[in-house]
Amino acid sequence: MTTPFMKGLGQYAAPIFMGASLLYALGQKHREDLRKARRDRAHNRILVTGGAGYIGSHTVLLLVEAGYEVVVVDSLVNSCEEALRRVGALTGHPEKVIFCKADLLDEEALESVFATHGGFRACVHFAGLKAVGESVAKPLLYYANNLTGTLHLLNAMHRHGCKIMGAAGRGRGREGRRRESRKCIRCPLC
Ligand SMILES: O=c1ccn([C@@H]2O[C@H](COP(=O)(O)OP(=O)(O)O[C@H]3O[C@H](CO)[C@H](O)[C@H](O)[C@H]3O)[C@@H](O)[C@H]2O)c(=O)[nH]1
């Protein structure tokens, strides 16, 4: 049975439907704009772990000069934030150096960096302990810190679709000669 109230409502159906469609279309456009902004940002944004350290801060400088925006994750265990402030000043683009104090062993903090600032075009990984004497005295600490931290990083990259990782390592060969290697690899999990 159609009541007068329902009949009255009928005349509003078309405008309500059109209004809802318009809102839906605007929402879609807004979501598409957000996705595009995120894609553009990802194209230009690099994550540098250990970016406040010696090699890391020089890398950040070069990346910013090359036009990238850099997010630095560093626990500051062997560095200080001042280095990044200086990098910002030297490049003239302090806004392109975003610092997040976090330890790679803290998975939640790392996830929050990826959720807030990702996705990254690539990651350069320098956040590692590397004092030779200490590594001999405390090998398990070094294994736990460097391997677990790297695994956490790889997992976060995998979850957030970041597929390129650069890393630098230094070691001594059997014959005592120093070996340096710099590698750029695809994330092994992706
Ligand atoms: O668990 C850690 C260990 C270190 N760091 C940070 O990582 C940076 C490492 O920088 P350092 O100045 O201590 O080391 P270097 O820049 O000299 O780089 C050295 O350590 C690197 C560790 O990845 C590479 O091995 C590299 O080849 C080697 O020269 C520091 O800011 C330190 O605070 C962390 O954030 N988390």
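Residues numbered from 1 in each chain as written. Predicted model: local features only at pLDDT ≥ 70, side-chain atom pairs only at ≥ 80, totals over all residues. Heavy atoms only, no water.

Looking at an unreviewed UniProt entry, one finds the protein chain named UDP-glucose 4-epimerase and attributed to Nannochloropsis gaditana. Per UniProt, the comment on the protein chain under Pathway (unreviewed entry) is "Carbohydrate metabolism; galactose metabolism." Regarding the protein chain, the relevant UniProt record gives this comment under Cofactor (unreviewed entry): "NAD(+)". (UniProt positions renumbered as here; feature names shortened; annotations may be inferred.)

**Overview of a negative patch on the surface**
On the surface, a cluster of negative charge is contributed by Asp103, Asp106, Glu107 and Glu108. Within the secondary structure, Asp103 sits in the loop between strand E3 (97–101) and helix H4 (107–117). (Patch = residues over 30% accessible without salt bridge, like charges linked within 9 Å, V, L, I, M, F, W, Y side chains within 5 Å. Areas by Shrake-Rupley, 256 points an atom, 1.4 Å probe, with all protein chains shown as cover. Salt bridge = Lys/Arg side-chain N within 4 Å of Asp/Glu carboxyl O. Lys, Arg positive; Asp, Glu negative; His and termini not counted. Charge placed at Lys NZ, Arg CZ, Asp CG, Glu CD. Helix = DSSP H or I, 4+ residues; strand = E, 2+ residues; numbered from the N terminus.)

**Regarding the site of the ligand**
In the vicinity of the ligand there are 20 residues, among which Ile55, Asp74, Asn78, Ser79 and Asn145 approach most closely. Between the ligand and the protein, one listed contact pairs an oxygen atom with a backbone N or O atom of Phe126 at 2.9 Å. Contact with the protein chains removes 91% of the 710 Å² of surface that the ligand exposes when unbound. Among the elements of the structure, helix H2 (54–65) and strand E5 (164–172) are those that each provide at least two residues to the shell around the ligand. Take the shell around the ligand: its biggest share by element is 3 residues, from E5. Counted by class, the shell around the ligand contains 9 nonpolar, 8 polar and 3 charged residues. (Near = heavy atom within 4 Å. Polar contact = N/O pair within 3.5 Å; in protein donor to acceptor, adjacent residues only side chain to side chain. Nonpolar A, V, L, I, M, F, W, Y, C, P; charged D, E, K, R; others polar.)

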